[in-house]
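# Structural features, examined
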Amino acid sequence: MCTMQSWTCLFLILCSMQSVCHCCDWIQHHFGHLSAEYLSQLEQMGGDITKQNAPVLFPTSLYRHIYDAEFEDKVRFLNETIYQIIKLFDGNRNRKSVTWDKKNLDDFLNILDRQFENLSSCVSPVVKPEKRLKRYFRNLDRKVLRKMNYSAEAWELIRKETKRHLQRLDILVGQMY
């Protein structure tokens, strides 16, 4: 005999499975397309990517750790990384020093935002984001943008680091399937 409570539980389990399946399908069939678009916009918004290194070490160990994580953790990592990148490029930032193409920059941010919104529907808002990732992006903000007074050189370092992250996210997604 089924109780109302058990039907509710079954319904929630099925909805959760359907959401995960939808998420898997979306990542497998759409993530790469949007990724190619925003990487192209990132390249086209300015000149050559700088060869200079940022004073903040790239979190290679964090990526190695996430490669071995569960699917949902990987999706959460994708989502949080894109969110942190969007925050770095926030429209309230002082970007007067750079001569980037405004349309390419706007397109880049709009596509990133679309990717973030789609990934957000795949993750539970209850689980807290990876602290090391947040700390890394906070350090980029402090030690690159603020310390270098939002100079063109600082923004070019941010663009370079952003490209590295977006490329690593592509590798992560490729590894998921």
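Residues numbered from 1 in each chain as written. Predicted model: local features only at pLDDT ≥ 70, side-chain atom pairs only at ≥ 80, totals over all residues. Heavy atoms only, no water.

### Here we look at the confidence of the model for the protein chain
Our working definition: What pLDDT conveys is the predictor's confidence in a given residue, as a value from 0 to 100. Working rule for contacts: check all heavy atoms of both residues, and any pair within 4.5 Å makes them a contact.
Of the residues in the protein chain, 86% have a pLDDT of 70 or more, and the chain-wide mean is 85. Confidence over residues 1–20 falls short of pLDDT 50; this stretch has two contacts with residues more than four positions distant or in other chains.

### Comments concerning the pattern of salt bridges
Stated precisely, the cut-off is as follows: Between Lys or Arg on one side and Asp or Glu on the other, a salt bridge is scored when a side-chain nitrogen of the former is within 4 Å of a carboxyl oxygen of the latter. Helix and strand labels come from DSSP, where a helix needs a run of H or I of at least four residues and a strand needs a run of E of at least two; each type is numbered from the N terminus. Relative accessible area decides the class of each residue, using a 1.4 Å probe on protein chains only: under 20% of the type maximum gives buried, over 50% gives exposed, and in between gives partly exposed.
Summed over the entire model, instances satisfying the criterion amount to nine salt bridges. Ionic pairing is found between Lys-163 and Glu-43, a salt bridge with its closest N-O pair at 2.5 Å. Taken as a pair, Lys-163 in helix α6 (residues 152–176) and Glu-43 in helix α1 (residues 4–44) lie far apart in primary sequence, 120 residues in all. What makes Glu-43 partly exposed here is its relative accessible area of 35%. Its salt-bridge partner being Lys-102, residue Asp-106 comes within 3.1 Å of it at the nearest N-O pair. Of the two residues, Asp-106 and Lys-102 both sit in helix α4 (residues 102–120), four residues apart, roughly one turn of that helix. When its relative accessible area of 58% is taken as the criterion, Lys-102 is described as exposed.

### Concerning the packing of helix α3 (residues 71–88) against α4
Operational definition: Fitting a line to C-alpha atoms yields each axis, with helices limited to the stretch in contact; the angle taken between N-to-C directions then spans 0 to 180 degrees. With respect to orientation, any angle under 35 degrees is reported as roughly parallel, any angle over 145 as roughly antiparallel, any angle of 65 to 115 as roughly perpendicular, and every other angle as oblique. Crossings are sorted by hand: turned counterclockwise from the far helix by less than a right angle, the near helix makes the crossing left-handed, and turned clockwise it makes it right-handed.
At a closest axis distance of 9 Å, the pairing of α3 and α4 adopts a crossing angle of 150°. In this view, α3 runs roughly antiparallel relative to α4, as classed from their interaxial angle. Crossing geometry of α3 relative to α4 is assigned as left-handed. Taken together, the residues of α4 that come into contact with α3 (itself represented by Val-75, Leu-78, Asn-79, Ile-82, Tyr-83, Ile-85 and Ile-86) are Phe-108, Leu-112, Asp-113, Gln-115, Phe-116, Leu-119 and Ser-120.

### Some details on the nonpolar core
We apply this condition: Think of a nonpolar core as a cluster: buried Ala, Val, Leu, Ile, Met, Phe, Trp, Tyr and Cys residues, connected wherever their side-chain atoms sit within 4.5 Å.
Ile-27, Phe-31, Tyr-38, Phe-89, Phe-108 and Leu-166 are the most contacted members of the largest nonpolar core, which has 50 residues in total. Elements that contribute at least two residues to this core include exactly α1, α2 (60–67), α3, α4, α5 (131–146) and α6. When residues in this core are grouped by element, the largest group, nine residues, is from α6. In this view, Tyr-38 contacts Phe-31, Ile-82, Phe-108, Ile-111, Leu-112, Gln-115 and Leu-166; residues no more than four positions away in its chain are not counted.

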